[in-house]
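Fold and geometry: a report
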Amino acid sequence: LSERLQSALAKLKGRGKVSEADVKSAMREVRLALLEADVNFKVVKNFVSRVSERAVGQEVLQSLTPGQQVIKVVNEELTKLMGGEQSRLQLNSKPAVILMVGLQGAGKTTTAGKLAHHLRKQHNKRPLLVAGDIYRPAAIRQLEVLGKQVDLPVFSLGDKESPVKIAEKGLAHAKENQHDVVIVDTAGRLHIDETMMDELRGIKEKVQPDEILLVVDAMTGQDAVNVAESFNREMDLTGVVLTKLDGDTRGGAALSVKAVTDCPVKFAGMGEKVDALEPFHPERMASRILGMGDVLTLIEKAQASVDEEKARDLERKMRTQQFTFEDFLDQLEQVRNMGPLDDLLGMMPGMGQVKGMKNLQVDEKHLTKAEAIIRSMTLQERREPEVINASRRKRIALGSGTSVQDVNRLIKQFMDMKKMMKQFQSMSKGKKRGMGKF
Ligand code: GDP
Ligand code: MG
């Protein structure tokens, strides 16, 4: 999804003028990209019409950078689509009860463990896990193993008591033992059926949960959304947890759940490990979907003036963070063939915001200075800037006809850039792990 959206919008970006027709054709591609990602049809339709309306409006076409503005609108609308603000757990009762519901294999039990871990680590809670799935032989054991892993107690009564009783007694046990959160794991079925819903409603009535979290497998795309719709109708969910976002998901579920069910996604499961649970941030997700900075365009531009191999090499280096001063120098030389520096910086991941930062302001004069400074470095210094200590800085300054401050500034810029690349790298790692098709 990410790639399709980026390429759909790339054509608009950096353009001085954008016409209504340009926006229209970009929106056609955005529409296809979303549908391809398995986003709900109605959601796509509404989304595209909202974006189009805003995009051909005054705020955009009359602006100085209409292309960028369109992208901003898309980003904002994506964020809105996913609920706008981060939606937090509301844990008000003492103890607060969280009921995990969902189909079999969605990740309820795993998520219960992860959530307990998260609540303790991030919110200083003392959660009690309650084993309410008595149907699958290994379910209780699975929760107990998880409990051991995160070093938290698990309440179970084997498989002889009813899940409703187990939940009730679990809650009483939590009260006696000063637990402030109770997480009740329940049984799922392969499909939604009345027996399951009855049981869940029974538990709900008895323990009055603060949160009823539906766990759905993001990989199932529109099915996940349909499941959410049904569960919400029956149970009045308070939130959704999307699991397996680390898998080969196309992202449709993440985008449609809130819009279709009006139920916010509260967490995202990013792996099988107990710490692979992240609070869901619509804004971050939108940025992730749109890509951080427009690396593709940057590479494209670079390709126009640099040979393809070098561009690929650069991209790889940015990803693996092996970017050195040598590469930097290489870049400086090529930058002049590529056109206005501002444009390029804007396309670098993370550079958009940084451009305004004082220590990264760049103009041609600075470029020439930077080049001179790097040329005065030894090969080792270019490759391992860490070795550049005070006396080396002095030598480099002398050699390049600049001041130590100039050298310091350049090194700082370079380090900032690397840091940014690192951030980008961890994000694209996320991409490789899970967001690949976003
Ligand atoms: P339940 O039947 O709903 O309780 O599902 P489980 O918690 O037993 O999970 C089913 C499978 O999905 C297990 O193999 C989990 O390890 C796996 N799983 C759960 N959440 C995630 C996730 O976020 N990412 C990945 N990759 N696997 C997950
Ligand atoms: Mg389970």
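The name an unreviewed UniProt entry assigns to the chain is Signal recognition particle protein, from the organism Desmospora activa DSM 45169. On record in UniProt, under Function (unreviewed entry), the comment for the chain is "Involved in targeting and insertion of nascent membrane proteins into the cytoplasmic membrane. Binds to the hydrophobic signal sequence of the ribosome-nascent chain (RNC) as it emerges from the ribosomes. The SRP-RNC complex is then targeted to the cytoplasmic membrane where it interacts with the SRP receptor FtsY." Per its UniProt entry, the chain bears the Subcellular location (unreviewed entry) comment "Cytoplasm".

With that settled, the discussion passes to the overall build of the chain. Of regular secondary structure, the chain possesses 21 helices and eight strands. Counting only residues that meet the buried cut, the chain has 52% of its 438 residues in that class. When the accessible surface of the chain is split by element, carbon and sulfur atoms take 48% of a total near 21,000 Å².

Mapped onto this structure's residue numbering, the UniProt feature "domain: SRP54-type proteins GTP-binding" (unreviewed entry) falls at residues 264-277. Helix makes up 0% of residues 264-277 and strand 43%, and the two end C-alpha atoms of the span are 16 Å apart.

This paragraph deals with the packing of helix α5 (residues 66-81) against helix α12 (residues 282-290). Look at α5 against α12: their axes get within 8 Å of each other, and the N-to-C directions meet at 135°. The angle between α5 and α12 falls in the class oblique. In terms of crossing hand, the pair formed by α5 and α12 is right-handed. Mapping the contact onto sequence places Ile71, Val74, Asn75, Leu78 and Thr79 in α5 and Pro282, Glu283, Ala286, Ser287, Ile289 and Leu290 in α12.

All right, on to the environment of leucine 129 then. The residue leucine 129 is located in strand β2 (residues 127-132) in this model. The spatial distance from the C-alpha of leucine 129 to the C-alpha of alanine 116 is 7.4 Å, given a sequence separation of 13 residues.

Our focus in this paragraph is the pairing of β2. Of all six residues in β2, six are buried, a share of seventy percent or more. Side-chain alternation along β2 places Pro127, Leu129 and Ala131 on one buried face and Leu128, Val130 and Gly132 on a second face that is also buried. Bridge count for β2 against strand β3 (residues 154-155) is two bridges, and the pairing is parallel. Residue pairing for β3: valine 130 is matched across the bridge by phenylalanine 155. Handedness of the crossover is the feature at issue here: the chain leaves β2, passes through helix α7 (residues 139-150), returns alongside β3, and the resulting connection is right-handed.

Taken together, 18 residues surround ligand 1, and among them Gly105, Lys108, Thr110, Arg136 and Asp246 come closest. One nitrogen or oxygen atom from the main chain of alanine 106 is found 3.3 Å from an oxygen atom belonging to ligand 1. For ligand 1, an oxygen atom lies 2.8 Å from a polar atom in the backbone of glycine 107. Taken by itself ligand 1 offers 580 Å² of open surface, and the protein chains cover 81% of this. Among the elements that take part in the shell around ligand 1, helix α6 (residues 108-123) stands out by supplying four residues, more than any other. Class assignment of the residues belonging to the shell around ligand 1 gives a composition of three nonpolar, nine polar and six charged.

Let us look at the sheet that holds β3. Here we have eight strands laid out as an open sheet, ordered β3-β2-β4-β1-β5-β6-β7-β8, and mixed in their pairing. Two strands close off the open sheet at either side, each with one partner strand: β3 and β8 (277-279). Across six bridges, the pairing between β2 and strand β4 (residues 181-186) is parallel. Counterpart to proline 127 in the pairing with β4 is valine 181. The strands that α6 touches are β1 (96-101), β2, β4, β5 (211-217), β6 (239-243), β7 (265-269) and β8; relative to β4, the one it contacts most, it runs at about 170°.

Right, let's get into the packing of aromatic side chains. Under the definition given, this model contains one aromatic pair. Ring geometry for phenylalanine 325 and phenylalanine 414: centres 4.0 Å apart, planes at 20°, overall stacked. Taken together, the residues phenylalanine 325 in helix α15 (residues 325-338) and phenylalanine 414 in helix α21 (residues 404-433) connect sequence positions 89 residues apart. A relative accessible area of 0% places phenylalanine 414 in the buried class. Over the face of the ring belonging to tyrosine 135 we find arginine 189, whose NZ or CZ atom lies 5.2 Å from the ring centre.

Thresholds, definitions, all that
Each chain has its residues counted from 1, running along the sequence as written. Here every chain gets a letter starting at A, and every ligand a number starting at 1, in the order they are written. For a predicted model such as this one, the threshold for reporting local features is a pLDDT of at least 70, and the threshold for listing and counting side-chain atom pairs is 80 or more; totals across whole chains, interfaces and linings nevertheless cover every residue. Derived side-chain values reflect all non-hydrogen atoms in the structure, with water molecules and hydrogen atoms excluded from consideration. UniProt positions are given in the numbering used here, feature names are shortened, and annotations may be inferred rather than shown by experiment. Counting from the N terminus, the helices are DSSP H or I runs at least four residues long and the strands are E runs at least two residues long. Whether a residue is buried, partly exposed or exposed follows from its accessible area with a 1.4 Å probe, protein chains only, as a fraction of its type maximum: under 20%, in between, or over 50%, in that order. Computed with a 1.4 Å probe, the accessible areas rest on the Shrake-Rupley method; for each residue, only the protein chains presented here act as cover. Interaxial angle, 0 to 180 degrees, is taken between N-to-C directions of lines fitted to C-alpha atoms, where a helix line uses only the stretch in contact. Put simply, angles under 35 degrees are roughly parallel, angles over 145 are roughly antiparallel, angles from 65 to 115 are roughly perpendicular, and the rest are oblique. Each crossing is labelled by how the near helix is turned from the far one, with a counterclockwise turn of less than a right angle marking it left-handed and a clockwise turn marking it right-handed. In what follows, a contact means two residues having at least one pair of non-hydrogen atoms within 4.5 Å. When DSSP locates at least two bridges between a pair of strands, those strands are taken to pair. Here, the term right-handed applies to a crossover whose path from the first strand over the helix to the second runs clockwise when the strands point away from the viewer. One heavy atom within 4 Å of a molecule or strand is enough for the residue carrying it to be called near that molecule or strand. The term polar contact refers here to a pair of N or O atoms within 3.5 Å; inside protein, the definition further demands a hydrogen-donor-capable atom paired with an acceptor-capable atom, and it admits residues adjacent in sequence only when both atoms are side-chain atoms. Ten residues, namely Ala, Val, Leu, Ile, Met, Phe, Trp, Tyr, Cys and Pro, are considered nonpolar, four, namely Asp, Glu, Lys and Arg, are considered charged, and the remaining ones, Gly among them, are considered polar. Only the six-membered ring of Trp is used, alongside the rings of Phe and Tyr, when aromatic pairs are assigned; centres must lie within 6.5 Å, and planes under 30 degrees apart are stacked while those over 60 apart are edge-to-face, with the rest tilted. We call a charge positioned over a ring when the NZ of a Lys or the CZ of an Arg lies within 6 Å of the ring centre and within 35 degrees of the ring normal.

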